[in-house]
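Descriptive analysis of the structure
Here is what each chain is made of, one letter per residue.
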Amino acid sequence: MSIEKTSATADQAAVENPEAAAGSDVAVDPRLLVRERGFAGYISEFKRKIRAGDLGSLPVVVGLIIIWAIFASLNSNFLTAGNLSDISVAMVGTGMIAVGIVFVLLLGEIDLSVGSVSGVAGAAFAVLNVTHGMPEWLALILAILTGTVAGAIHGFVFARIGVPAFAVTLAGLLFWNGFMLQILGSNGTINLDSSGLVAKLSGYYFSDVAAAYGLAVFAVAVFFLTTFFDNRRREVAGVPSRPLSEIIVRTVLLAVVAFAAAAVFNQYKGLPLAVVLFLAVLVITDFVLRRTAYGRKIFALGGSIEASRRAGINVAAVRISVYAISGTFAAIGGLFIASKIASANQGAGAGDLLMNAIAAAVIGGTSLFGGRGRTWNALLGVLVIVSIQYGLALQGIASPVQYMITGGVLLATVVIDAVTRKTQKSAGRA
């Protein structure tokens, strides 16, 4: 009871004297500072976050701007509508896999099998549809379920038997790669129907200019309305809420980005279907993680397994489900990759795909230590990686240099993550 009274007294003091609270090391809800001090409240909250190591997505956004500025200065073709549109489509396959990786990283674990699982999904679809004549929609569903089952198997061995996730998924990497080679047969390559369902995943564009601008309007309107009514509910409940001015500013910033992207797409072939599907996945998964009890359980496990177990969370069930989700998104990503090259071959899932997917999640801001991250991090991270690849390709720089640069960016991100975590611990926030 005394602890609750002390906490209540501190909260009341923060509301009555936000300036003193802002100057202290106590974490104050930014909405209180903004309500009491306006723009000065933003400055105070920003300084507090810097001291506490809470940088969010700021480093990757700044890094992306710098990357684009450098490549644009080196080659005028980098920021053309065609190149940016190609980047947006190329990033979807790896980005889908990275979404599943985010779920796993939130637990503080790893999944090394996603590259091989993505290759199995593409191969399974090709064999079922092309070789055996199964309808595309059914072959597509079964290919995705292949990834779900593979991920669930990994999760079961990890959660129920107790084998470390690293060992389980490393074994999965080898097994599913061999399984893919087996089902592809001696030919090794199966070409897909260029006008079929899977081919359209990355090859279809909404050519009508109204599609891109309509999606931008829809996204901005939904963001404003959900934020506005969420704030209204918070006000009625008597908890801190953001002022209307902040909501308007955030909405305007989103509108600038959304309409700029729409204008770029419309200057080329139109709005890519792949981008629409990727954004839909990000919105849905972000809602699941931040707005559902299941998502809170994932974050809880990433924070403390023992505390979660004592709170009544079925740790094994959550772990198995997370790996099933990872396998599912690996399969979806594999189908997008197969769509991009219009075939399933023995090289699917190999090369740098696994490392790029993990790097995308980490570079985007998901912590390797678990408990911190969002699926939107996958978008930011994969955008950084693919931008580097396309920028270096325009300069004619060989793949070895691309690997080194991507590795350097990943190392810098991990260092920032580790330093941030130490800073948060010293500030009493971790």
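The shown structure was predicted, so the numbers you read here are calculated from the model rather than taken from an experiment.

1. Side note on the layout of surface pockets
The space that makes up the second largest pocket amounts to roughly 730 Å³. The wall of the second largest pocket is formed by 31 residues, among which Ala90, Thr94, Asp352, Asn356 and Gln389 lie closest to the centre. Of all the elements in the fold, those that place two or more residues in the lining of the second largest pocket are helix H6 (81-106), helix H16 (315-341), helix H17 (353-363), helix H18 (376-394) and helix H19 (399-426). Here the element with the most residues in the lining of the second largest pocket is H19; it accounts for six residues. Broken down by class, the residue content of the lining of the second largest pocket amounts to 17 nonpolar, twelve polar and two charged.

2. Points about the pattern of salt bridges
When the charged atoms of two side chains lie near each other, side chains of opposite charge can form a pair. Across all of its chains, the model carries seven salt bridges by this definition. When the shortest N-O distance is used, the salt bridge between Asp230 and Arg233 registers 3.6 Å. Of this pair, Asp230 and Arg233 both sit in helix H11 (residues 209-237), three residues apart, which is roughly one turn of the helix. On the basis of relative accessibility, which here comes to 55%, the residue Arg233 falls in the exposed class. Here Arg250 makes a salt bridge to Glu246, at a shortest N to O gap of 2.9 Å. Of the two residues, Arg250 and Glu246 are both situated in helix H12 (residues 244-267); the distance of four residues between them amounts to about one turn of the helix. Under the relative-accessibility criterion, Arg250 is labelled partly exposed at 37%. Three or more residues are tied together by salt bridges with common partners; here these are Asp230, Arg233 and Arg291.

3. With respect to the confidence of the model for the chain
The pLDDT averaged across the chain works out to 84; a share of 84% of its residues lies at or above 70. Note that residues 1-27 has pLDDT below 50 and, in this model, 17 contacts with residues that lie over four places away or in other chains.

4. Some remarks on the environment of Gly347
Along the chain, Gly347 falls in the loop between strand E4 (343-345) and H17. C-alpha separation for the pair Gly347 and Asn177, spaced 170 residues apart in sequence, amounts to 9.5 Å.

5. Some thoughts on the environment of Leu277
Looking at the secondary structure, you find Leu277 in helix H13 (residues 273-291). Measuring from C-alpha to C-alpha, the distance between Leu277 and Val92 comes to 8.8 Å, with 185 residues separating the pair along the chain. Ignoring sequence-local partners within four residues, the contact set of Leu277 consists of Met96, Leu201 and Phe336.

Calculation notes
- Residues numbered from 1 in each chain as written.
- Predicted model: local features only at pLDDT ≥ 70, side-chain atom pairs only at ≥ 80, totals over all residues.
- Heavy atoms only, no water.
- 1 Å grid on protein atoms, 1.4 Å probe; cavity = no way out; pocket = protein on both sides within 12 Å on 5 of 7 lines; lining within 4 Å.
- Points joined across faces, edges and corners; volume = space filled by probe spheres on them.
- Helix = DSSP H or I, 4+ residues; strand = E, 2+ residues; numbered from the N terminus.
- Nonpolar A, V, L, I, M, F, W, Y, C, P; charged D, E, K, R; others polar.
- Salt bridge = Lys/Arg side-chain N within 4 Å of Asp/Glu carboxyl O.
- Buried < 20%, exposed > 50% of the residue type's maximum accessible area, 1.4 Å probe, protein only.
- pLDDT = per-residue confidence, 0-100.
- Contact = heavy atoms within 4.5 Å.

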